[in-house]
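Next come the chains, spelled out residue by residue.
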Protein chains: 2
Amino acid sequence: MTDKRYENAMNRLKENNVRITPQRQIILKYMIETDEHPSVETIFHILEKTFPNLSMATVYNNLRLFKKLNLIIEMPSVDGGYRYDFYDHPHFHATCDNCNKIIDVDDPEFPEIDKHLQEAASKDGFKPTVTSVEVHGICKECQEKEAK
Amino acid sequence: MTDKRYENAMNRLKENNVRITPQRQIILKYMIETDEHPSVETIFHILEKTFPNLSMATVYNNLRLFKKLNLIIEMPSVDGGYRYDFYDHPHFHATCDNCNKIIDVDDPEFPEIDKHLQEAASKDGFKPTVTSVEVHGICKECQEKEAK
DNA sequence: ATACTTGCAAAGTTTTTGCATTACA
DNA sequence: TGTAATGCAAAAACTTTGCAAGTAT
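Anyway, here's the lowdown on the structure attached to this text.

Each value, and the rule that gives it
Residues numbered from 1 in each chain as written. Chains lettered and ligands numbered in written order. Predicted model: local features only at pLDDT ≥ 70, side-chain atom pairs only at ≥ 80, totals over all residues. Heavy atoms only, no water. Helix = DSSP H or I, 4+ residues; strand = E, 2+ residues; numbered from the N terminus. Buried < 20%, exposed > 50% of the residue type's maximum accessible area, 1.4 Å probe, protein only. Contact = heavy atoms within 4.5 Å. Areas by Shrake-Rupley, 256 points an atom, 1.4 Å probe, with all protein chains shown as cover. Lys, Arg positive; Asp, Glu negative; His and termini not counted. Charge placed at Lys NZ, Arg CZ, Asp CG, Glu CD. Pairing = 2+ DSSP bridges. Axes fitted to C-alpha atoms, helices over the stretch in contact; angles between N-to-C directions. Least-squares fit on C-alpha atoms with pLDDT ≥ 70 in both. Near = heavy atom within 4 Å. Polar contact = N/O pair within 3.5 Å; in protein donor to acceptor, adjacent residues only side chain to side chain. Nonpolar A, V, L, I, M, F, W, Y, C, P; charged D, E, K, R; others polar. Phe/Tyr/Trp six-rings, centres within 6.5 Å; stacked < 30°, edge-to-face > 60°. Lys NZ or Arg CZ within 6 Å of the ring centre and 35° of its normal.

**Comments concerning the overall build of chain A**
When helices and strands are counted, chain A shows 6 helices and 5 strands. Along chain A, from the amino end to the carboxyl end, the secondary structure elements read α-α-α-α-β-β-β-β-α-β-α. Based on the C-alpha atoms only, the size of chain A along its principal axes is roughly 45 × 45 × 30 Å. Burial statistics for chain A: of 148 residues in total, 46% are counted as buried. Taking as baseline every contact in chain A between residues at least 6 positions apart, the subset at least 24 positions apart corresponds to 45%. Counting only carbon and sulfur atoms, one obtains 48% of the accessible surface of chain A, whose full area is about 8,200 Å². Across chain A, the mean location of the 19 positive side-chain charges is 7 Å away from that of the 25 negative side-chain charges.

Here it is in C-alpha cells:
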C-alpha cells in the first residue's frame, strides 16, 4: 500500500501549495518504504546514491517541512540528532538507549490511548495535533550482550 | 517536598557510586525547583549567577548522567536542542509547536496508561525504563495570537 | 513568467573531547 | 591518597542561511 500513502502525502503537499519536486518525492518515498527510522545523514547518504547532487540542506529543509505538515514525526536520538518516521497511523516506539535502535510498537489500544492523552492535554485550551510516545529501555540484543 | 525529592536524588547518586559534587547538587536542586523545563543553556545561565565558574561541559555531562540514572527526562524542542525535566512522578507534556512552551499534564489515568504502554513495548524481550509522552499542538495563547 | 526550491559553501549553533587541575570519598 | 569530576579551550558535529541558478506551476 505504499502507493496510497504516497498519494496521500502528495495531496497533502498540494493542499498546502507546496511544490512537488523530485527531491521531495524521493525523500517521501524513502520515508514511506523504510522502517529504519533514519537520521538526516542516513537519509542523505541513501538518497545521494540515486540522486547524486542532492544536498544536505535540502534534506534538512524538507524534513522540517514534512514535520510541519504532520507527514513525519521527529524523535531525538541518544546518539545526537534526530530520527524520522513517516507517521500515517497511530503507533509508538520502543527505543533502545544502548544501541539507539527504534522499534515500532503496534498496540491495538493505542488509538484509544492517543485520544485520551490528547483530551487530557486539551485542558486550558491547548489544541493537540500529534502525540509522540517513546518507551525507553534496553532491547533484547543489548541485554544479551550485557549479560556476557 | 523539595527536600524529599532531593534526598532521593542524592541516594540515587550514592547507589550508583557517583560522587556528590557541588555542581551536581545545584543542578539537581534547580531541576527539582523549576517548572520551566529548561534548556541546557538556561540551566547554565541561571546557575552561573551563583556559581560563577561553572562550565557548560559540566552541565552537559551531568544532564547526560542524570538522564542515564532516570532522574530527569530529555525532550527535543522545536527550537533546536533539548529541554529537561526532573521526573519523579509519571506525567506527560503538552508542547506548543509555536512558542515552544512545555506544559505538564497531570492525568490521573496516566500511571495506568504508562504501565500499559510499557507492557506493550515489552514484546520481543524489550526491557522498558522510562516512558516519554509529548502531545504536540498549539497553546491557547498562540491560538489567540494567530486569530488576530 | 515568476515565485518557490535547490545546491553549494560558509556561518552559526550545539555538543563533545582532551587534558591539566581540583576535590570527593 | 587515588580516582573521578571539573573547567577551559579547542575540535567536532549538527543545522541554518545567503544567494545565484534552476524549475514547477
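**Description of the sheet that holds strand S4 (residues 102–105) of chain A**
The strands making up a sheet associate through hydrogen bonds between their backbones, and the pairing can be parallel or antiparallel. With mixed pairing, the 6 strands of this open sheet are ordered in space as S4(A)-S3(A)-S5(A)-S5(B)-S3(B)-S4(B). With partners counted over all chains shown, the strands left at the sheet margins are S4 of chain A together with strand S4 (102–105) of chain B, one partner each. On average, each strand axis in the sheet is inclined to that of its neighbour by 25°, with strand direction left out of account. Docked against the sheet, helix H5 (residues 110–121) of chain B engages strand S3 (92–96), S4 and strand S5 (127–138) of chain A together with strand S3 (92–96) and strand S5 (127–138) of chain B, running at close to 120° with respect to S5 of chain B.

**Here we look at the relation of the copies chain B and chain A**
For the match of chain B to chain A, the screw axis carries a shift of 0.1 Å, the RMSD comes to 0.1 Å, and the turn is 180°. In short, the pair behaves as if placed about a two-fold rotation axis. The position closest to the rotation axis in chain B is occupied by the C-alpha of Val133 of chain B, lying 2.3 Å away. Comparing interface residues between copies, 95% of those in chain B also sit at the interface in chain A, which points to an isologous, same-surface contact.

**Description of the protein's contact with DNA strand D**
Taken together, the neighbourhood of DNA strand D is formed by 21 residues, with Tyr60 of chain A together with Arg19, Thr21, Gln23 and Thr58 of chain B sitting nearest. The protein-proximal atoms of DNA strand D, defined as those within 4 Å of the protein, are 75% sugar or phosphate. The side chain of Thr58 of chain B places a nitrogen or oxygen atom 2.7 Å from a phosphate oxygen of DNA strand D. Every element with two or more residues in the surface near DNA strand D is listed here: helix H4 (56–68) of chain A together with helix H2 (22–33) and helix H4 (56–68) of chain B. By residue class, the composition of the surface near DNA strand D is 8 nonpolar, 8 polar and 5 charged.

**Looking at the packing of aromatic side chains**
Residues and elements named next belong to chain A. In total, this model carries 3 aromatic pairs over all chains according to the counting rule given. Ring plane angle 45° and centroid distance 5.2 Å describe the contact between Phe92 and Phe110, whose orientation is recorded as tilted. Here Phe92, found in strand S3, pairs with Phe110, found in helix H5 (residues 110–121); they are 18 residues apart in sequence, far enough to count as distant. Assigned by exposure class, Phe92 and Phe110 land together as buried. Directly above the ring of Tyr6 sits Lys29, whose terminal nitrogen or CZ lies 4.9 Å from the centroid.

Purely geometric numbers; function is a separate question.
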